[in-house]
Amino acid sequence: MPDLIVIGGGIAGSSLSYLAARAGLRVTLIDAAQARASDVPSALLNPVRGQGGRVEARALEGLRYTWALLAALEEAGYPVPHGRSGVLRPVPDPATQAKWSARLPAGLPHRWREPQELSEVGLGPAWHAVLELPEGGWLDGAALCRALRAASGALTLRAQVARWDARTVTLAGGELLEARRVVFCGGSWGSSRAGLPGVHRRGSLLRLARPLSPVPVSFGAYAAPARAGGVLGATFEAPTDTYRDDPLPLHSLAWLLDKQAALFGHHGGELTGVWTASRLGGGLRFGPQTDGSYALSGLGSKGFLLGPLLASELLRLMLPFE
Ligand SMILES: Cc1cc2nc3c(=O)[nH]c(=O)nc-3n(C[C@H](O)[C@H](O)[C@H](O)COP(=O)(O)OP(=O)(O)OC[C@H]3O[C@@H](n4cnc5c(N)ncnc54)[C@H](O)[C@@H]3O)c2cc1C
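Residues numbered from 1 in each chain as written. Predicted model: local features only at pLDDT ≥ 70, side-chain atom pairs only at ≥ 80, totals over all residues. Heavy atoms only, no water.

- The name an unreviewed UniProt entry gives the protein is Glycine/D-amino acid oxidase-like deaminating enzyme, with Deinobacterium chartae as the organism.

**So, the UniProt feature "domain: FAD dependent oxidoreductase" (unreviewed entry) in the protein**
Here is step 1 of the chain: Within this structure's numbering, the places UniProt gives as "domain: FAD dependent oxidoreductase" (unreviewed entry) are residues 3-314.
Here is step 2 of the chain: Across residues 3-314, the secondary structure splits into 27% helix and 31% strand, with the terminal C-alpha atoms separated by 15 Å. (UniProt positions renumbered as here; feature names shortened; annotations may be inferred. Helix = DSSP H or I, 4+ residues; strand = E, 2+ residues; numbered from the N terminus.)

**Things to note about the packing of helix α2 (residues 59-75) against helix α4 (residues 141-152)**
Here is step 1 of the chain: Between α2 and α4, the least distance of the axes is 11 Å, while the angle of their chain directions is 55 degrees. Between α2 and α4, the angle falls in the class oblique. As for how α2 packs across α4, the hand of that crossing is left-handed. Across the interface between the two elements, Leu69, Leu70 and Leu73 of α2 pack against Leu144, Ala147, Leu148 and Ala151 of α4.
Here is step 2 of the chain: Class assignment of the residues belonging to the contact of α2 with α4 gives a composition of 7 nonpolar, no polar and no charged. (Axes fitted to C-alpha atoms, helices over the stretch in contact; angles between N-to-C directions. Parallel < 35°, antiparallel > 145°, perpendicular 65-115°, else oblique. Left-handed = near helix turned anticlockwise from the far one by under 90°. Contact = heavy atoms within 4.5 Å. Nonpolar A, V, L, I, M, F, W, Y, C, P; charged D, E, K, R; others polar.)

**Details of the packing of α2 against helix α7 (residues 303-318)**
Here is step 1 of the chain: At a closest axis distance of 7 Å, the pairing of α2 and α7 adopts a crossing angle of 85 degrees. Between α2 and α7, the crossing angle belongs to the class labelled roughly perpendicular. Side by side, α2 and α7 meet where Ala59, Glu61, Gly62, Leu63, Tyr65, Thr66 and Leu69 of the first sit next to Phe304, Leu305, Leu306, Pro308, Leu309, Ser312 and Glu313 of the second.
Here is step 2 of the chain: For the contact of α2 with α7, the per-class residue count stands at 9 nonpolar, 3 polar and 2 charged.

**A few points about the side chain of Ser38**
Here is step 1 of the chain: Tracing the chain through its elements places Ser38 in the loop between β2 (27-31) and β3 (43-45).
Here is step 2 of the chain: With sequence-adjacent residues up to four places away left out, Ser38 is seen in contact with Gly10, Ile11, Gly141, Ala142, Cys145 and Phe304.

**Here's the deal with the environment of Ala224**
Here is step 1 of the chain: One can find Ala224 in strand β18 (residues 221-225).
Here is step 2 of the chain: Here the alpha-carbon distance between Ala224 and Arg285, two residues 61 residues apart in the chain, equals 29 Å.
Here is step 3 of the chain: Apart from residues no more than four positions distant in its own chain, Ala224 is found in contact with Ser42, Leu44, Trp138, Pro216, Gly230 and Val231.

**Observations regarding the sheet that holds strand β10 (residues 137-139)**
Here is step 1 of the chain: Pairing within the open sheet is antiparallel, and its 3 strands lie in the order β3-β10-β6. Bordering the open sheet on either side are β3 and β6 (82-83), each of which pairs with just one other strand.
Here is step 2 of the chain: In this structure, β6 lies alongside β10, joined through 2 bridges in antiparallel fashion. Each bridged residue has a counterpart across the sheet, and for Gly83 the counterpart in β10 is Trp138. (Pairing = 2+ DSSP bridges.)

**Brief notes about the pattern of salt bridges**
Here is step 1 of the chain: Applying the stated rule across the entire model yields 15 salt bridges.
Here is step 2 of the chain: In this structure, the salt-bridge partner of Arg227 is Asp140, at a minimum N-O distance of 3.8 Å. One end of the pair, Arg227, is in the loop between β18 and β19 (230-235); the other, Asp140, is in the loop between β10 and α4, with 87 residues separating them in the sequence.
Here is step 3 of the chain: Assessed through its relative accessible area of 8%, Asp140 is described here as buried.
Here is step 4 of the chain: When the shortest N-O distance is used, the salt bridge between Arg244 and Asp246 registers 3.1 Å.
Here is step 5 of the chain: Look at the salt bridges and you will find they share partners, linking Arg58, Glu61, Glu313 and Arg316 into a network. (Salt bridge = Lys/Arg side-chain N within 4 Å of Asp/Glu carboxyl O. Buried < 20%, exposed > 50% of the residue type's maximum accessible area, 1.4 Å probe, protein only.)

**A word on the environment of Ala226**
Here is step 1 of the chain: Following the sequence through the fold, Ala226 ends up in the loop between β18 and β19.
Here is step 2 of the chain: C-alpha separation for the pair Ala226 and Leu171, spaced 55 residues apart in sequence, amounts to 35 Å.
Here is step 3 of the chain: Discounting residues that sit within four places of it in the chain, Ala226 has contacts with Pro41, Ser42, Trp138 and Val231.

**As for α2**
Three- or four-residue spacings in an α-helix give side chains the same orientation, since the helix completes a turn every 3.6 residues.
Here is step 1 of the chain: In this model α2 runs 24 Å from its N-terminal to its C-terminal C-alpha over 17 residues, within 8% of the 24 Å that 1.5 Å per residue would give.
Here is step 2 of the chain: Looking only at α2, the buried set comprises Ala59, Leu60, Gly62, Leu63, Thr66, Trp67, Leu69, Leu70 and Leu73.
Here is step 3 of the chain: Two residues or fewer after α2 comes Gly77, characterised by a positive phi angle close to 95 degrees. (Expected span 1.5 Å × (residues − 1).)

**Re the site of the ligand**
Here is step 1 of the chain: Around the ligand sit 39 residues, and of these Asp31, Gln34, Ser38, Leu44 and Gly300 come closest.
Here is step 2 of the chain: In the environment of the ligand, an oxygen atom lies 2.9 Å from a nitrogen or oxygen atom belonging to the backbone of Phe304.
Here is step 3 of the chain: Contact with the protein chains removes 97% of the 1000 Å² of surface that the ligand exposes when unbound.
Here is step 4 of the chain: Here the shell around the ligand is built from residues that sort into 21 nonpolar, 15 polar and 3 charged. (Near = heavy atom within 4 Å. Polar contact = N/O pair within 3.5 Å; in protein donor to acceptor, adjacent residues only side chain to side chain. Areas by Shrake-Rupley, 256 points an atom, 1.4 Å probe, with all protein chains shown as cover.)

**A short note on unusual backbone geometry**
Here is step 1 of the chain: Of note, the bond from Leu319 into Pro320 is cis; its omega dihedral lies within 30 degrees of zero at -5 degrees.
Here is step 2 of the chain: The topology assignment puts Pro320 in the segment after α7.
Here is step 3 of the chain: Residue Ala33 is not a glycine yet carries a positive backbone phi of 55 degrees.
Here is step 4 of the chain: Structurally, the position occupied by Ala33 is in the loop between β2 and β3.
Here is step 5 of the chain: With phi around 50 degrees, Ala35 is a residue other than glycine that occupies positive phi space.
Here is step 6 of the chain: Note that Ala35 resides in the loop between β2 and β3.

Following this line, the structure appears as C-alpha cells:
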C-alpha cells in the first residue's frame, strides 16, 4: 500500500509527489491528464498581481521556492526551460504608479524605470512608468510538471478517479486503491467533475514564432518568451461556476490583439498556435477536508508562484504518517 495517493498531475500534484517522494514516502500519482492548466507553455513568476498591483503576503517566498525547485531539478538532470530575466509591469498613469508603490512590501526587490530606458523591449507610447521586478521571470509549465513527475520516481497511473475518501480511491473502471493518505489536486476540470465549488476562468495564449519582448511584460495581458518563440495571453473569459471547454472566441482574440497593441504599440507577429485552458479560483482548497482526505486546489492565477511552496507546507501538515 502506498503512503500517499495524489489525484492530479498539474503543478500542485506534481510538486507534492516530488516533495513527498524525496521525504521518503511511497507515492502513487493518478492523473487523467485532461484539461491540465499547468501545461501553460510559458507561465510568469510575477509577484505583483493584476492591474491593481497587489502583492500576496508570501509572493517572494513562493517565487524563491519555485526557482530553487527548478535549480534542484536541473542539478538532478531534469532541466526546465525558463528565464530568470525579471518581469516588467508598465503602468499607464501616475495614480496607478502611486497605488502600486504604496502596496510594494519593503523586502520585494524592485525599481521604477522610464519606458524610454527600455528600448530593447519596445513598449508602446502610452506608458507612464515601468515597474521592474528583477527576481521574476518565466518558465515552461508543462516541462516543469513533467520534470517533477519524472524526478519524483512516483508510480504514475494515467487514469480517472471517480471518487475518493480519507484512505481509498475508486478509479472510473471500478478498481479500488488504498493508501495512508489521499490528496486531491484536481484543478478546474477535476473540481468541477467532483461537484466542488469554485470559480472557473478560461484563458488563452497565442503561441508566436518569436517573443514580443526578451523580458516578460504584463499589464492586462502578458507577453513572454517561451521554450520555442513566445506567447501573448491572459485569463480573460467571464467566470463560470463549472469547468467549460469552449475554444478561444473570436472577440477574445480581438481583445488579446488590442492588449498587444497597447503593450507594444503594434499588432502582429507570426502565430504558430493557440493554447486554451481553465484555471480555478474562488478560494484556495488547502489541507484536511471533512472526509479525512487532503486537498491542494484553487490556485487561481498563482499556480507557479505559490503551488510548490504550498505543496511543501501541505506535506509538513500531513507528516508524520502513522
Ligand atoms: C491562460 C492561463 C495563463 C496562466 N498563466 C499563469 C502564469 O503566468 N503564472 C502562474 O503562476 N499561473 C498561471 N496560470 C494559472 C495556473 O496555470 C494554475 O494556477 C495551475 O496550473 C493550477 O494547477 P493545478 O495543479 O491546481 O491544476 P491543473 O494544472 O489543472 O491539474 C489538475 C490535473 O488533475 C487531473 N485530474 C483532475 N481530476 C482528476 C480525477 N478525478 N482523476 C484523475 N485526474 C484528475 C487533471 O486531468 C489535471 O491533469 C494560468 C492559467 C491559464 C488558464
